Each structure stands twice: as C-alpha cells, then as structure tokens.
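Tertiary structure, described
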Amino acid sequence: MKHDNGFKYFSLSAIWLWLSIFALFPLCLVTLASFLSHDQDSLVRLPFTITNYLNLFNPLHLTLKIFERSFYMAGFCTLICLALGYPFAFLIARLKNSWKNFLILLIIIPFWTSSLIRTYSMMTLLKSKGVINTILLSLHIIDKPLSLLYTDTAVLIGLVYNLLPFMVLPLITNIERLDNQLIDAARDLGANRLTTLIRIILPLTMPGILAGCILVFLPAMTIFYIPDLLGGAKSILLGNVIQSQFLVSQNWPAGSAMSIVLTLLLGFLLIIYWRSKRDKEAGELL
Amino acid sequence: MNRFWTASYLTFIYLFFYIPIAVLVIYSFNGAQYSLVWHGFSWHWYQELFTDKDLWVAVAHSLVLGISAASIAMIIGTLAANCLYRYQFLGKNFLYALIFILILTPDIVTAISLLILFSLTNINLGFWSLLFAHITFCIPFVVVTVYSRLVSFDNYIFEAAKDLGANDWVIFQRVNMPLLWPAMLAGWVLSFTLSIDDVIISYFVTGPEFQILPLKIYSMIHTGIKPEINALCAMTFFITLLLVIYSQFLLRKKS
C-alpha cells in the first residue's frame, strides 16, 4: 500500500510548533525567571537565586500569609462546592435521560457565559442597597442593611457561584456510571444507607470527587477578579498577588516562583487523581 | 416525600445559578438612574449603550479577535485531534498529557508565561499578543471536542478510503471533514465564547491601543456602576446563550 506521510508530518509539525512556542517554551521561561533576581531597573537579572522560593515559606514574609489564606479560602470553597454539588450531581445522574440532559444543559449555560458578568451580577445582589438587602428590609427581617459586599463571605459566595458547575459536571459523569447492582448488593448484604454511602458509593465516585476538587481548588486561588470585585481590602488571594507582582510592583521573579508552586500543586493533584483511577483513561476528567 | 425533597433541592441550586442572571436582565430594563427601586420598563440603558462609541470599538475588537482565534484554533486543533486518533508517533502520550494539562492549568500561569514570552521577544502587547494567547488557550478545547467525536467513528471508513487509493490529504477532505464538521463547529463556538469571555489571560497580554470587551467591562465595573453595564451584560449573556444552544444542537444532531 502506498504510504505518504506528508499530511501526517504537516499536522504534527503544526501542533508541535505551536505548543512548543506558546506553551512549553513560556513555561521554561517562567521557571527560569523564578530563579532570577530583581531590582528597580530591570524586570529580571542575574545572579541565580532561590530567594523567591524561600520567601514563599518565610514566616516573616507576607506571601506566606497570603498563601495560607488562599489555601484556606480555596479549600473552604471546594468543600462547600462538594457539599452542595455531590447531592445535586447524585440526584441529576439518577434521573431519566431526557430530563437529565435538559438539566445538564441548564448547568452548562451559565458556565459558558462570562464569569466576569456573573460576578458583576453577584455584586448587584450583595450591595448594601442591593437586591438581598432591599428584600430583607422590606420584609422587616432586618432594620438596617447588612454589609455583605466587600467581605470574605462575598468572595466565598462569588467563588462557589462561579465554580460549582466545575464540581458538578465531572461528578455527574462519574455517578452515571455507578452500577446500581452494587448498591442493591450492599443493601441485600445488610448495609444500611450510611454504610452503603461510605463503603460503596463514595469510594467508587472518588475519581469524580477528585476531578471536581482539582477543577475548583486551583481556579479558586487564582481568579483574581472575584476577590478584587467582591472582596474588601484584605480579601487578597494568590491570584491578586501574582497579578500585582507582574503588573504593579514589577517583581517578576517572585510572581514566577508563585506560579511555579501553583503548577507543581496541579501536578501533585493530578498524580493523586491518576492513581485513583489507574486503569481508566485519564481524559475522562473532561 | 422523597420526590418533594429532590425537587426542592434541585430547584434551590438552579435558583442559585439563575437568580443573579435574572436580576441583571430585569434591572437592565429599569428606568431608574442609580437605585434598585423599580421605575418602570425602559429601553433607556440600551439606547445609552448604542451611542457609546468606545464600547462598540471594544466589541468590534473582541469579535475580530474571537473569530480569528477560534478559526485558527479550530484548524490546528482538528489536525492535532486527527493525529492523536489516527497516527502512531513519538511523543504521542506526551502530547495527549500536555493538552490535558493545558486545559487544567490555572489561567494566571498561562497568562504570565505568555507575558514573559512576549516581552522577551519584543512582541508589542496588543492585537497580535492577544491573538497568539487566545489561539493557545483555545486549541486544547478544540482537540478534546473533535477527538471525542473521532472516537465514535467506525475505523473501517479510513481503511476503506485508503484501499480505494485515497492519500491522507484526500481522506481528511473527503472523509474526515464531512463527518467532523459538527464537532469542528462546536469546537469553534466553544473557542469563540472562551475568547470573548476571557479576562485573566487578556488582562496580562493586552496593550493600551487594543481595548477588548471583557476588559472594558472590567474597567467599567471598577470605575463606577452604571445601569448601562447591566444592559451590556444582559446582551452579552443572551448572545452567548444563543451560541451555546446552537452548538449543543449541532452536537446532539449527530450523536
């Protein structure tokens, strides 16, 4: 059989060329920058140093505080998404097909529209003269407006609102494939509802849980415009610090070091995820 | 009773998803200047919107950028998905993992890595830097969309085409394209909406002379909340909504 490889090599070089120039090479540059020094006149300069990383773990340095805060906020947000999303995904996954597809589409629609716009709409709800306060005031539940906007609570609500679909969608895919017979078997063997949940359902849907957590946790730390719009002066998360280090204080090495740590964290979470579903295809996360 | 709780829980979550959007749309028609008190239905803010010249420049920029980025990403992404599906080559698993990881990488990491690249290579921040950045973050999504379509194909059609003497270019044109176009179009629409909505990456690689819509909205929200933004956001929402429904329709029809 005649074998011409022109097309194959054309396509392969197109994708490799693009991803090497615009994805792999830039990542190398960030890694390099994270080991460089910084001064007033130049964005990055020699000599090589590991100060940028040490500062991240230096208790006297502000960045460690912010790292901890981001971890705490993102972790809390992930937990809320999981607590709200798991029962939700479970209920949807067990519905009849036609209903299920429709309801899934209803989740996807807000998730495909601008998250900035949805954050802005959250602002109109939470403002001191916003919808929630107006309703509560007119029902005489409260006598003066609650200060909801520009607090950590507002940031958390905004994050959960934006990221909940990312938790729900992988969970639905995972729970859909759960074999009903296993649940029946567990019940037949005398397990009560709680035991069935803990011993059968949760372990089997662990890949979905982990996938959802990865998709929520990392963006929660880095979507800088949510804390920026909904949070107060102190509601700074990692994304805001990286943003200000690159665009305001021009300390590129420090910002680079932070994003390298973020990338490593992503790698670490992915390894846990891949281990949780060794035999299955990794691409199923999507 | 069980059904009741199921229905109310689902309703609760969907209300959480949709109330903010509904409020936004409703208040875009409010006649009042700054308060949330209902002053009657009015198109005022939409009229205001249509006379704002700066805004339309930003919209035009965003459209040009979105259309170009989505088209180029669609071509490269489709070729890549085809490679991953049909060929064996060195680094195939690496490419597969890379695409997967690029989707998961936090936007801010992509953003700063591209910013460093552009400043090192002296590419002016503006249209070109935005275009390169947008193509880059769209490609993996096209690959995944097209690849999932390819997997559902019957492999024999490629064998048959080959036996009948078609080379790979011909197979791509005559076999892949007719079968793949819904997935390619869905990938295009997804890329387009990603490009139109992107804030984080654009924020880093944009320049002063090329203002795009999401960043314009961002700065409008920052400088002062005018009901005009409600109208703008409501319109953007409906346009995206139409695109989403259309692309879902395309994917459904073929599956």
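In this text the structure is predicted, and so the values were computed from the model without any measurement. Each residue is numbered by its place in its chain's sequence as written, counting from 1. By the order in which they are written, chains take letters starting at A while ligands take numbers starting at 1. Under the rules for a predicted model, residues below a pLDDT of 70 receive no local features and side-chain atom pairs below 80 are neither given nor counted, while totals for whole chains, interfaces and linings still include all residues.

Take the overall build of chain B next. Counting from the N terminus, the helices are the DSSP runs of H or I reaching at least four residues and the strands are the DSSP runs of E reaching at least two. Along its length, chain B carries eleven helices and zero strands. What you see in chain B, going N to C, is helices and strands ordered as α-α-α-α-α-α-α-α-α-α-α. Considering only C-alpha atoms, chain B reaches an extent of 70 × 65 × 30 Å along its principal axes. Residues are called buried when their C-beta atom has 20 or more other C-beta atoms within 10 Å, exposed when it has 12 or fewer, and partly exposed otherwise; all C-beta atoms are positioned from the backbone. For chain B, with 255 residues in total, the buried portion stands at 42%.

Before going further, it helps to spend a moment on the interface of chain B and chain A. Tallying the contact residues gives 64 residues for chain B and 64 residues for chain A. Of the residues forming the side of chain B that touches chain A, the biggest block, twelve residues, is contributed by helix 1 (residues 2–27) of chain B. All amino acids are sorted into three groups, where Ala, Val, Leu, Ile, Met, Phe, Trp, Tyr, Cys and Pro are nonpolar, Asp, Glu, Lys and Arg are charged, and the leftover types, Gly among them, are polar. Tallied by class, residues from the side of chain B that touches chain A come to 49 nonpolar, eleven polar and four charged. Contact definition: two residues whose C-beta atoms, as placed from backbone geometry, lie within 7 Å.

The subject of this paragraph is the domain arrangement of chain B. All names here are of chain B. Taken as a whole, chain B is organised into domain 1 (1–42) and domain 2 (52–254). Start and end points for every domain follow an automatic or database-based domain assignment. Placing a centre on the C-alpha atoms of domain 1 and another on those of domain 2 gives a separation of 31 Å. With six residues of domain 1 at the interface, the matching set in domain 2 holds six residues. In terms of residue class, the side of domain 1 that touches domain 2 is made up of four nonpolar, two polar and no charged.

With that settled, consider the packing of helix 12 (residues 238–247) of chain A against helix 13 (residues 252–276) of chain A. Residues and elements named next belong to chain A. Here helix 12 crosses helix 13 at 150°, and the two axes come no closer than 8 Å. Of the possible angle classes, the one that applies to helix 12 and helix 13 is roughly antiparallel. Note that helix 12 runs across helix 13; the crossing there is left-handed. Along the contact surface, helix 12 presents Leu 238, Val 241, Ile 242, Gln 245 and Phe 246, while helix 13 presents Trp 252, Ala 254, Gly 255, Met 258 and Ser 259. Helix axes are fitted only over the stretch in contact, all axes being lines through C-alpha atoms; the angle between N-to-C directions runs from 0 to 180 degrees. Working definition: roughly parallel below 35 degrees, roughly antiparallel above 145 degrees, roughly perpendicular at 65 to 115 degrees, and oblique for all remaining angles. Handedness of each helix crossing follows the sense of rotation of the near helix against the far helix: counterclockwise by less than a right angle gives left-handed, clockwise gives right-handed.

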